[in-house]
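Structure at a glance
These are the residues of each chain, in order.
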Amino acid sequence: MTTANAIAPAAMDQDTGYSLERRFYCDEEYYARDMERVAGRKWIVAGHVDQVRQKGDYFLFRIGGESLIVVRSDESRINAFYNVCRHRGSLICTESSGRVHRLTCAYHAWSYGLDGALLAARLMPADFAKQDNGLHRAHVRVFHGFIFVNLSDGEPVDFQTTFGDLEPYLDFHGFANAKIAHRISYPTSANWKLVVENFVECYHCTPSHPEFSSMHPADALIAFGAGPSSGPKDAVQSYLPTLQAWERRAAALGRPIGTVDDGPDSSHLRLLLQRTIREGYESETEDGQPASSLMGKRLGFDQGRMYVSFSPFTHVVATNDFAVLFQFTPRGPMNTDVDLTWLVDGKAEGYDVPKMIWGWDRTTLQDKRITENNQAGILSKRYQPGRYSQHERRVATFQQWYLRELGAPQA
Amino acid sequence: MTTANAIAPAAMDQDTGYSLERRFYCDEEYYARDMERVAGRKWIVAGHVDQVRQKGDYFLFRIGGESLIVVRSDESRINAFYNVCRHRGSLICTESSGRVHRLTCAYHAWSYGLDGALLAARLMPADFAKQDNGLHRAHVRVFHGFIFVNLSDGEPVDFQTTFGDLEPYLDFHGFANAKIAHRISYPTSANWKLVVENFVECYHCTPSHPEFSSMHPADALIAFGAGPSSGPKDAVQSYLPTLQAWERRAAALGRPIGTVDDGPDSSHLRLLLQRTIREGYESETEDGQPASSLMGKRLGFDQGRMYVSFSPFTHVVATNDFAVLFQFTPRGPMNTDVDLTWLVDGKAEGYDVPKMIWGWDRTTLQDKRITENNQAGILSKRYQPGRYSQHERRVATFQQWYLRELGAPQA
Amino acid sequence: MTTANAIAPAAMDQDTGYSLERRFYCDEEYYARDMERVAGRKWIVAGHVDQVRQKGDYFLFRIGGESLIVVRSDESRINAFYNVCRHRGSLICTESSGRVHRLTCAYHAWSYGLDGALLAARLMPADFAKQDNGLHRAHVRVFHGFIFVNLSDGEPVDFQTTFGDLEPYLDFHGFANAKIAHRISYPTSANWKLVVENFVECYHCTPSHPEFSSMHPADALIAFGAGPSSGPKDAVQSYLPTLQAWERRAAALGRPIGTVDDGPDSSHLRLLLQRTIREGYESETEDGQPASSLMGKRLGFDQGRMYVSFSPFTHVVATNDFAVLFQFTPRGPMNTDVDLTWLVDGKAEGYDVPKMIWGWDRTTLQDKRITENNQAGILSKRYQPGRYSQHERRVATFQQWYLRELGAPQA
């Protein structure tokens with residue numbers, strides 16, 4: 001972790017590269033490998049604790065060909081089970097969310113506790129061992145309100161070592177007690193890497209996103225539009241004084257100052273960047289006025305915003321009065337679930353949902369169209385990897401990280 | 001053929017097993033093998049003679065990637081032809097049923113007789129032999145009103161040897177002269193084996209089928225819910241006195257008593273079981289009252305029902321006043337046609353269709369949902385073969401039969 | 001080029017053959033080879049200049065998995081570019097037609113001139129060479145109003161050598177100045193070869209096309225229904241006197257007389273045939289009356305029609321007052337775009353569109369149905385190549401041409 005003014009020199013010295021070859025974006029075989037070696041081994045946010053406040057509350061999280069039941073079994077414990085009955089393999093839950101006493105398969109009524117233990121199975125042979133037939137578990141961690149799951153067969157990378165340094169920032173924003181104001185899904189007909197590549201660069205912001213661009217200083221979008229090492233070196237230099245002045249003001253209002261900028265050798269390619277929004281704006285809304293009350297431990301509006309990536313699959317953007325959780329979930333070689341969840345302070349009341357979603361709803365619809373056109377074009381036999389601009393450094397970093405992960409031995 | 005009280009000891013001694021591995025339920029390659037080695041070699045009911053009463057009446061029967069034209073050529077003969085013109089391969093019939101004088105291809109007007117002979121083909125070269133260009137035939141047999149087809153290239157297993165012992169039962173029910181009261185299709189997005197496995201066990205009846213369960217004694221469903229060797233041994237023993245008492249009453253009203261319980265080494269895995277329905281009920285309807293007049297040679301209502309499997313692909317359930325033909329036809333790796341035909345006595349008048357279909361229409365819609373959820377769950381990488389209950393003995397038997405057929409050398 | 005009465009002896013002596021084996025009509029692999037070795041190397045008509053009259057006018061032409069931008073860059077030049085941005089591969093144009101000043105990618109605003117040169121790309125590294133990043137071109141030629149494209153990587157077969165001898169006929173019809181009266185698309189679920197095979201024989205005209213047959217002499221349809229060498233030898237002999245008499249009359253009205261009948265060794269399997277329409281008819285309409293004014297350099301109605309094939313993918317049928325352009329474009333193993341464009345004289349006014357499209361709209365809808373049924377039947381395992389009639393000589397010739405092309409070494 002370093003402060004913003006020491007961010008990027010190393011990353012900025014690397015050559016910007018070229019987009020990947022076609023097969024990475026279309027082929028069944030490459031997709032299966034992505035699922036096995038990348039998506040299947042990372043800590044990925046499945047949802048927020050506000051979705052499962054009461055015992056027995058559950059929701060389904062679908063990733064690749066899997067359906068997970070994320071269910072609260074008691075006040076302190078949330079579990080993630082594969083939604084597959086141990087009897088003949090039927091889905092157990094078919095509604096996307098609900099509240100249950102037990103997890104009972106609708107086929108033959110095998111019944112599991114909220115802890116996954118098989119409680120009832122009629123007429124089984126005498127040597128059948130119920131204790132060996134509990135639901136299969138996925139790894140799960142709740143961290144500042146976010147429910148992380150991990151599909152690894154073996155022991156995944158240690159959670160606290162991976163994410164512990166983000167605690168002060170997440171704590172300041174009050175995510176653990178946040179509540180969900182709104183959710184929208186934008187299923188996108190494109191490979192998950194095209195969705196990620198779109199999100200980790202702001203080269204397309206000016207041509208494609210008028211609403212988003214209206215809420216930010218143009219020089220900040222160029223310097224740091226998609227994170228600490230996403231922009232050209234000279235743009236960073238010229239924006240730094242403004243940024244440093246804002247950091248001093250924001251620190252005075254209690255905001256912990258700092259940056260995270262994982263490189264391609266990291267396990268989760270995390271990012272954390274805090275910067276100003278448009279001058280005179282208090283929030284990322286159409287008129288700059290807040291849509292809700294201050295989130296977390298803030299003492300006042302500080303005209304800043306935080307962007308944090310837990311991994312290429314999960315991102316959070318937090319303005320002063322609300323935050324948006326972005327989930328990019330591979331579902332097929334050319335299908336990705338894009339789900340946005342707007343969070344507000346746990347004690348917020350009377351917040352304005354249309355005002356709050358104005359920016360990111362429009363921006364995400366634009367990104368869906370852009371990304372689907374990108375996928376369609378790549379299917380041409382004349383597509384060839386193209387050169388990245390100086391504003392797409394983070395795309396190149398993502399690519400290096402991805403290629404390294406893909407080559408990594410199987411866990 | 002044995003009487004009910006001697007049914008099952010051999011089958012019941014076998015260990016119940018485990019469901020099949022995932023690939024059997026999803027893979028294209030396994031499906032192609034199923035079609036070639038199992039579905040493609042069995043006598044399968046394509047329909048009932050009531051669909052083709054008049055000369056020239058035809059209907060299409062679709063199985064796998066094939067379309068068969070089942071057509072009556074004269075009073076005593078029904079043919080089954082591949083719906084493929086010998087000229088350039090066009091479908092000949094495109095309507096699902098109709099009446100024709102000739103089978104004329106709509107493309108170039110090649111015209112075939114109802115016996116499949118090529119009658120007219122304009123402007124062919126002088127050495128073209130019409131007699132070598134008749135329609136390709138599938139094997140066909142009409143047996144007590146049911147039209148059986150067999151797609152084998154070579155000579156299939158002898159029909160009379162295979163099904164002859166069922167004659168007395170089918171004759172008693174009058175199927176040869178029955179007429180069709182109603183038909184409904186329930187196309188199901190699941191592998192054909194999941195549809196069959198669902199049908200040959202009653203372990204799921206209580207949790208899933210309230211209407212069905214309301215029409216039957218609970219002890220009968222456990223002992224014999226899916227045929228003679230489908231239930232636990234002790235349940236069979238405790239139900240036998242009731243069954244035997246009914247057999248005596250039913251025999252007095254003319255019903256031939258007996259059971260068929262083919263084992264996994266048989267060619268068609270046939271079943272025949274007769275038993276009581278719910279006390280006080282005369283028919284399998286919501287209030288137990290008949291929906292039509294007595295079928296066949298019955299002398300009176302005997303509170304019984306017959307379940308007969310011609311093979312895993314074709315089943316008939318007959319209550320006193322109507323019968324239901326079940327056709328389970330593979331159409332793709334995860335697609336099965338489920339078609340129900342309600343039959344009534346040939347002389348029945350004023351029968352009540354909504355009353356008649358109440359039970360099986362609801363039950364089949366439930367089975368469609370259940371089976372599709374089963375298929376969806378099996379796609380998970382965490383699915384693993386699960387243990388069968390004592391109430392799923394017949395599923396295990398089906399599996400043994402299927403695996404043996406799959407390994408059999410090509411006909 | 002020969003006159004009609006010397007047409008076909010060589011072709012007519014060949015044995016008529018058999019339809020192709022199933023795999024040619026369904027398999028992914030065969031389709032990929034067709035695209036690479038056949039469709040990908042031929043001069044194919046993408047459209048007509050009337051679609052791009054003004055500078056900046058463009059339309060998209062989709063073939064196989066490719067999208068081409070056909071755009072006019074100045075009065076004398078039309079270009080065809082692959083619709084793939086050189087940056088990260090996005091589609092550039094997403095509307096099927098329009099008028100633009102530049103070709104600007106909606107993703108990151110890379111901007112290309114109408115000549116394909118990269119004009120603007122922000123923030124690129126210093127060593128990025130714009131001149132190396134123009135749009136990829138397809139070969140393009142405008143010939144008598146028709147815009148031909150060719151997807152060959154290398155130099156395709158010389159255009160003028162291939163098509164030059166057609167000039168007098170095309171010039172007489174005035175195609176260069178024609179205007180589009182109407183366009184209809186008939187996407188067809190069949191392999192492109194089934195669409196072509198349907199179009200190059202008239203054996204099916206009588207059974208399948210009542211409207212088409214009503215506009216033509218029966219003996220002409222048999223002798224020359226699908227081109228010079230499409231009918232039986234004796235039918236040709238008996239029709240020749242009628243044809244020759246008409247040729248004399250038509251020549252007197254300025255029509256250039258002649259025939260083209262490329263054999264299976266040719267590069268494009270071209271055809272050109274001119275003959276009479278139904279006696280008393282002046283045009284191919286329901287009542288034989290014209291639907292527009294005379295096309296091109298005609299001096300009067302001559303009761304004739306011309307059929308010209310530029311290749312199996314592109315055909316034109318011209319009656320005296322309008323012409324129809326047929327585009328058969330492979331889009332998938334069992335999907336073909338069938339697009340019809342009705343052309344009228346450049347100075348025509350007050351033409352009657354419903355009257356003009358009556359014949360070919362109905363006929364093409366019939367062909368779509370026929371061809372889709374042909375595809376469906378071929379999927380049967382019992383399909384086997386069938387013998388061609390004497391009226392399908394041109395289908396056999398197409399097949400020989402196709403098989404030779406398929407075997408040709410890669411360009």
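Reading the values: the criteria
- Residues numbered from 1 in each chain as written.
- Chains lettered and ligands numbered in written order.
- Predicted model: local features only at pLDDT ≥ 70, side-chain atom pairs only at ≥ 80, totals over all residues.
- Heavy atoms only, no water.
- Helix = DSSP H or I, 4+ residues; strand = E, 2+ residues; numbered from the N terminus.
- Rg over C-alpha atoms; globule rule 2.2 N^0.38 Å.
- Buried < 20%, exposed > 50% of the residue type's maximum accessible area, 1.4 Å probe, protein only.
- Contact = heavy atoms within 4.5 Å.
- Areas by Shrake-Rupley, 256 points an atom, 1.4 Å probe, with all protein chains shown as cover.
- Lys, Arg positive; Asp, Glu negative; His and termini not counted.
- Charge placed at Lys NZ, Arg CZ, Asp CG, Glu CD.
- Pairing = 2+ DSSP bridges.
- Buried area = accessible area lost by both parts, 1.4 Å probe.
- Salt bridge = Lys/Arg side-chain N within 4 Å of Asp/Glu carboxyl O.
- Nonpolar A, V, L, I, M, F, W, Y, C, P; charged D, E, K, R; others polar.
- Domains from an automatic or database assignment.
- Polar contact = N/O pair within 3.5 Å; in protein donor to acceptor, adjacent residues only side chain to side chain.
- Least-squares fit on C-alpha atoms with pLDDT ≥ 70 in both.
- Axes fitted to C-alpha atoms, helices over the stretch in contact; angles between N-to-C directions.
- Parallel < 35°, antiparallel > 145°, perpendicular 65-115°, else oblique.
- Left-handed = near helix turned anticlockwise from the far one by under 90°.
- Disulfide = S-S within 2.5 Å.
- Phe/Tyr/Trp six-rings, centres within 6.5 Å; stacked < 30°, edge-to-face > 60°.
- Lys NZ or Arg CZ within 6 Å of the ring centre and 35° of its normal.

Attention shifts here to the overall build of chain A. Within chain A, the regular secondary structure consists of 12 helices and 17 strands. Taken over the C-alpha trace, chain A has a radius of gyration of 22 Å; the compact-globule value for 411 residues is 22 Å, and the two agree within 12%. Taken along the three principal axes of its C-alpha coordinates, chain A extends 75 × 55 × 35 Å. Counting over 411 residues, chain A shows a buried share of 63%. Long-range contacts, defined here as pairs at least 24 residues apart, represent 69% of the contacts in chain A between residues at least 6 apart. For chain A, the computed accessible surface area is about 14,700 Å², with 48% contributed by carbon and sulfur atoms. Averaging the positions of the 44 positive and the 49 negative side-chain charges in chain A gives two centres separated by 3 Å.

It is worth spelling out the pairing of strand E3 (residues 66–74) of chain A at this point. Residue and element names in this part refer to chain A. Counting buried positions along E3 yields 8 of 9 residues, so the element is predominantly enclosed. Across 6 bridges, the pairing between strand E2 (residues 57–63) and E3 is antiparallel. Each bridged residue has a counterpart across the sheet, and for Ile 63 the counterpart in E3 is Glu 66. The hairpin formed by E2 and E3 contains 2 residues between the paired strands, and Gly 64 there has a positive phi angle of roughly 55°. Note that E3 and strand E4 (residues 77–82) share 6 bridges and pair antiparallel. Bridging from a neighbouring strand, Ile 69 pairs with Phe 81 of E4.

So, about the interface of chain B and chain C. On the chain C side, the residues contacting the 28 residues of chain B number 31 residues. For the pair chain B and chain C, the summed buried area comes to about 2,500 Å², and 50% of that belongs to carbon and sulfur atoms. On the chain B side of the contact with chain C, Arg 88, Tyr 107 and Leu 123 of chain B bury the most area, a combined 31% of that side's loss. Between chain B and chain C we count 4 salt bridges in total. Note that Arg 88 of chain B and Glu 201 of chain C form a salt bridge whose closest N and O atoms lie 2.9 Å from each other. Grouping the constituent residues of the side of chain B that touches chain C by class yields 13 nonpolar, 8 polar and 7 charged.

This part covers the pairing of strand E13 (residues 271–276) of chain A. Residues and elements named next belong to chain A. Burial within E13 is extensive, with 6 of its 6 residues counted as buried. Sheet topology note: the strand E12 (residues 260–261)/E13 ladder contains 2 bridges and is antiparallel. Residue Asp 261 lies in a different strand from E13, and its bridge partner there is Leu 271. In the sheet, E13 pairs with strand E14 (residues 304–311) via 6 bridges, with the strands oriented antiparallel. Each bridged residue has a counterpart across the sheet, and for Arg 275 the counterpart in E14 is Arg 305.

Before going further, it helps to examine the domain arrangement of chain A. All names here are of chain A. What the domain assignment lists for chain A is domain 1 (44–150) and domain 2 (166–405). Taking only C-alpha atoms, the centre of domain 1 and the centre of domain 2 are 32 Å apart. Facing the 18 residues of domain 1 at the interface are 21 residues of domain 2. Of the roughly 1,600 Å² buried where domain 1 meets domain 2, counting both sides, 63% is carbon and sulfur surface. Looking only at domain 1, the three residues that lose the most surface to domain 2 are His 48, His 144 and Phe 146, adding up to 34% of its buried area. On the surface where domain 1 and domain 2 come into contact, there are 0 salt bridges. Between domain 1 and domain 2 we count 10 residue pairs in polar contact (both at pLDDT 80 or more) in total. At the level of elements, strand E1 (44–48), E2 and strand E10 (146–150) are the ones that each hand at least two residues to the side of domain 1 that touches domain 2. Considering every element that reaches the side of domain 1 that touches domain 2, the biggest residue donor is E1, with 5 residues. Grouping the constituent residues of the side of domain 1 that touches domain 2 by class yields 9 nonpolar, 6 polar and 3 charged.

Take the relation of the copies chain A and chain C next. The transformation that overlays chain A on chain C combines an axial shift of 0.1 Å with a rotation of 120°, and the residual RMSD is 0.1 Å. This pairing of chains is accounted for by a three-fold axis. Considering only C-alpha atoms, the residue of chain A closest to the rotation axis is Glu 28 of chain A, which sits at 8.7 Å.

Once that is clear, we can look at the packing of helix H6 (residues 192–199) of chain C against helix H11 (residues 353–378) of chain C. Residue and element names in this part refer to chain C. Two elements in contact, H6 and H11, have axes whose closest approach is 10 Å; the angle formed by their N-to-C orientations is 130°. With respect to their mutual orientation, H6 and H11 come out oblique. By crossing handedness, the relation of H6 to H11 is classed as right-handed. Along its contact with H6, which presents Leu 194, Val 195, Asn 198 and Phe 199, the element H11 presents Trp 360, Asp 367, Ile 370, Thr 371, Asn 374, Gln 375 and Ile 378.

Moving on, we get to the environment of Thr 371 of chain C. Mapped onto the fold, Thr 371 of chain C is located in helix H11. Taking the C-alpha atoms as reference points, Thr 371 of chain C and Leu 194 of chain C, separated by 177 residues in sequence, lie 6.3 Å from one another.

Below, the discussion takes up the packing of helix H6 (residues 192–199) of chain A against helix H12 (residues 393–407) of chain A. Residue and element names in this part refer to chain A. Contact geometry of H6 with H12 gives a least axis separation of 9 Å together with a crossing angle of 145°. Here H6 and H12 pass one another in a crossing that is right-handed. Across the interface between the two elements, Trp 192, Lys 193, Val 196 and Glu 197 of H6 pack against Val 395, Phe 398 and Tyr 402 of H12. Looking at the contact of H6 with H12, its residues break down into 5 nonpolar, no polar and 2 charged.

This part covers the state of the cysteines. In this structure the tally under the stated criterion is 3 disulfides over all chains. Two residues, Cys 202 of chain B and Cys 205 of chain B, share a disulfide whose sulfurs are 2.0 Å apart. Between Cys 202 of chain B and Cys 205 of chain B the disulfide shows an S-S torsion of about -110°. By sign, it is left-handed. For the pair shown, Cys 202 of chain B and Cys 205 of chain B are each scored as buried. With no disulfide partner, Cys 105 of chain A has as its closest neighbouring cysteine sulfur the one in Cys 85 of chain A, 4.0 Å distant.

Right, let's talk about the sheet that holds strand E15 (residues 314–318) of chain B for a bit. Residue and element names in this part refer to chain B. Read from one edge to the other, the open sheet built from 7 strands follows the order E11-E17-E16-E15-E14-E13-E12, with strand pairing classed as antiparallel. At either margin of the open sheet sits one strand with a lone partner, and together these are strand E11 (179–185) and strand E12 (260–261). Across 6 bridges, the pairing between E11 and strand E17 (residues 335–344) is antiparallel. Its bridge partner being in E17, Ile 184 is matched across the sheet by Leu 340. Running at roughly 155° to E17, helix H11 (residues 353–378) makes contact with E11, strand E14 (304–311), E15, strand E16 (323–332) and E17 of the sheet.

Residues and elements named next belong to chain B. With respect to the element layout, Asp 57 can be found in strand E2 (residues 57–63). Judged by its relative accessible area of 7%, Asp 57 is buried. Separated by 21 residues in the primary sequence, Asp 57 and Ile 78 have C-alpha atoms spaced 9.5 Å apart. When near neighbours in sequence (up to four residues on either side) are disregarded, Asp 57 contacts Gln 51, Val 52, Val 70, Val 71, Arg 72, Gly 98 and Arg 99. A distance of 3.2 Å separates a polar atom in the side chain of Asp 57 from the backbone nitrogen of Arg 53.

Moving on, we get to the interface of chain A and chain C. Taken together, the contact pairs 31 residues of chain A with 28 residues of chain C. Counting each side, the surface lost to burial between chain A and chain C is near 2,500 Å², with a carbon and sulfur contribution of 50%. When residues of chain A are sorted by the area they lose upon contact with chain C, Tyr 203, Arg 382 and Arg 387 of chain A head the list and together hold 33% of the total. Summed over the shared surface of chain A and chain C, the result is 4 salt bridges. The interface formed by chain A and chain C holds 20 residue pairs in polar contact (both at pLDDT 80 or more) in total. If one sorts the elements of the side of chain A that touches chain C by residue count, helix H11 (residues 353–378) of chain A sits on top with 7 residues.

Our focus in this paragraph is the packing of aromatic side chains. Residues and elements named next belong to chain A. Across all of its chains, the model carries 81 aromatic pairs over all chains by this definition. Look at Phe 143 and Phe 163: their rings are 6.4 Å apart centre to centre, the planes differ by 45°, and that puts the pair in the tilted class. Placement of Phe 143 in strand E9 (residues 139–143) and of Phe 163 in helix H4 (residues 159–163) is noted, with a sequence separation of 20 residues between them. Each member of the pair, Phe 143 together with Phe 163, is buried. The ring of Tyr 30 has Arg 33 lying over it, and the distance from NZ or CZ to the ring centre is 4.8 Å.

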